[in-house]
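# A look at the structure
One letter stands for each residue in the lines below.
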Amino acid sequence: PLDASGSVVRGWWQTLEHALLALAAPAGDAGVPPRRLTADGRRLYSLVAEELLAKRPQEALPEFLQQALAAGPSWVCLLRLYMKHRRLADAAELVDKQLHAATDALSPVKAVGAGVMSSDRRSKWTPLQEFPVSLLVQLQRAMSQEADKDRSGKFLHAASELDGRLVQLGT
């Protein structure tokens, strides 16, 4: 495969990425990564992510899928998929990134740098819009339950970080 350094597997992943870009892009923008997915694009990417999470439960989603679904309002779809497939660490990491972007949006200087506000001070989308509070409560409960079972302390640390971020956002 071209541009895959001779790796067939890498070539297949690139083929999938290019096909998704072509199918999800608005007319005339084929091959250009969308800044935010349309409803059809979100559905297409989420179906691919759902299939990969179901068939390869121990492997991370490819970066291009994570990035496309984590950008804009479609991050909630990715959060739901992670929770459905009990990928609690991935879900917590996604929430942490979104909460970080949300707190940046509260500061005008940081908001411009984070891309949630244009330089002329017009607000762009932020994770605080349509924030999935009920999903966060479910994630907190699931992480607390896992922390009780987990002897390594990995989930306890992640659960306390999530709690801290949520408290920080509420103040």
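Let me sum up the structure you'll find in this document. (Residues numbered from 1 in each chain as written. Predicted model: local features only at pLDDT ≥ 70, side-chain atom pairs only at ≥ 80, totals over all residues. Heavy atoms only, no water.)

Attention now goes to the overall build of the protein. A count of helices and strands for the protein gives eight helices and zero strands. Looking at the protein as a whole, 39% of its 171 residues are labelled buried. Counting only contacts in the protein whose residues sit at least 6 apart along the sequence, the fraction spanning at least 24 positions is 53%. (Helix = DSSP H or I, 4+ residues; strand = E, 2+ residues; numbered from the N terminus. Buried < 20%, exposed > 50% of the residue type's maximum accessible area, 1.4 Å probe, protein only. Contact = heavy atoms within 4.5 Å.)

Right, let's talk about unusual backbone geometry for a bit. Unlike most non-glycine residues, R86 shows phi in positive territory, near 55°. Take R86: it is sitting in the loop between α4 (75–84) and α5 (88–106). A relative accessible area of 47% places R86 in the partly exposed class.

So, on to the pattern of salt bridges. Inspection of every chain in the model, using the stated rule, returns seven salt bridges. Two residues, R86 and E146, come together in a salt bridge whose shortest N-O distance is 3.1 Å. One end of the pair, R86, is in the loop between α4 and α5; the other, E146, is in helix α7 (residues 133–149), and 60 residues separate them in sequence. Residue E146 is classed as buried on the basis of its relative accessible area, which comes to 19%. Here D90 ties to R87 by a salt bridge, and the two come within 2.9 Å at their closest N and O atoms. You can call D90 partly exposed: its relative accessible area is 22%. Assessed through its relative accessible area of 12%, R87 is described here as buried. A cluster of three or more residues bridged by salt bridges with shared partners is formed by R86, E146 and K149. (Salt bridge = Lys/Arg side-chain N within 4 Å of Asp/Glu carboxyl O.)

What follows covers the layout of surface pockets. Picture a little ball the size of a water molecule; that probe, rolled over the atoms, points out where space is still empty. Taken as a whole, the second largest pocket spans an internal volume of roughly 220 Å³. Residue lining of the second largest pocket: P57, Q58, E59, H85, R86, R87, L88, A89, D90, E146, K154 and F155, and that is the complete set. Residue assignment for the lining of the second largest pocket shows that the elements contributing at least two residues are α5 and α8 (154–170). A per-element tally of the lining of the second largest pocket places α5 first, with three residues. Of the residues assigned to the lining of the second largest pocket, the class counts are four nonpolar, two polar and six charged. (1 Å grid on protein atoms, 1.4 Å probe; cavity = no way out; pocket = protein on both sides within 12 Å on 5 of 7 lines; lining within 4 Å. Points joined across faces, edges and corners; volume = space filled by probe spheres on them. Nonpolar A, V, L, I, M, F, W, Y, C, P; charged D, E, K, R; others polar.)

With respect to the element layout, P132 can be found in the loop between α6 (108–114) and α7. By relative accessible area, P132 is classed as buried at 9%. Between the alpha carbons of P132 and L79 there is a distance of 9.5 Å; along the sequence they are 53 residues apart. Excluding residues that lie within four positions of it along the chain, P132 makes contacts with W75, V76 and L79.

Here the focus is helix α3 (residues 63–70). Within α3, the full set of buried residues consists of F64, L65, Q66, A68 and L69. Where α3 is buried, its residues contact α1 (8–24), α2 (39–55) and α4.

Let's shift gears to the packing of α2 against α4. Pairs of packed helices are described in terms of their axes, by the angle between the two and the distance that separates them. In contact at an axis separation of 10 Å, α2 and α4 are set at 20° when each is read in the N-to-C sense. In this view, α2 runs roughly parallel relative to α4, as classed from their interaxial angle. For the pair α2 and α4, the sense of crossing is right-handed. For the pair α2 and α4, contact is made by R42, S46, A49, E50 and L53 and by C77, L81, Y82 and K84, respectively. Tallied by class, residues from the contact of α2 with α4 come to five nonpolar, one polar and three charged. (Axes fitted to C-alpha atoms, helices over the stretch in contact; angles between N-to-C directions. Parallel < 35°, antiparallel > 145°, perpendicular 65-115°, else oblique. Left-handed = near helix turned anticlockwise from the far one by under 90°.)

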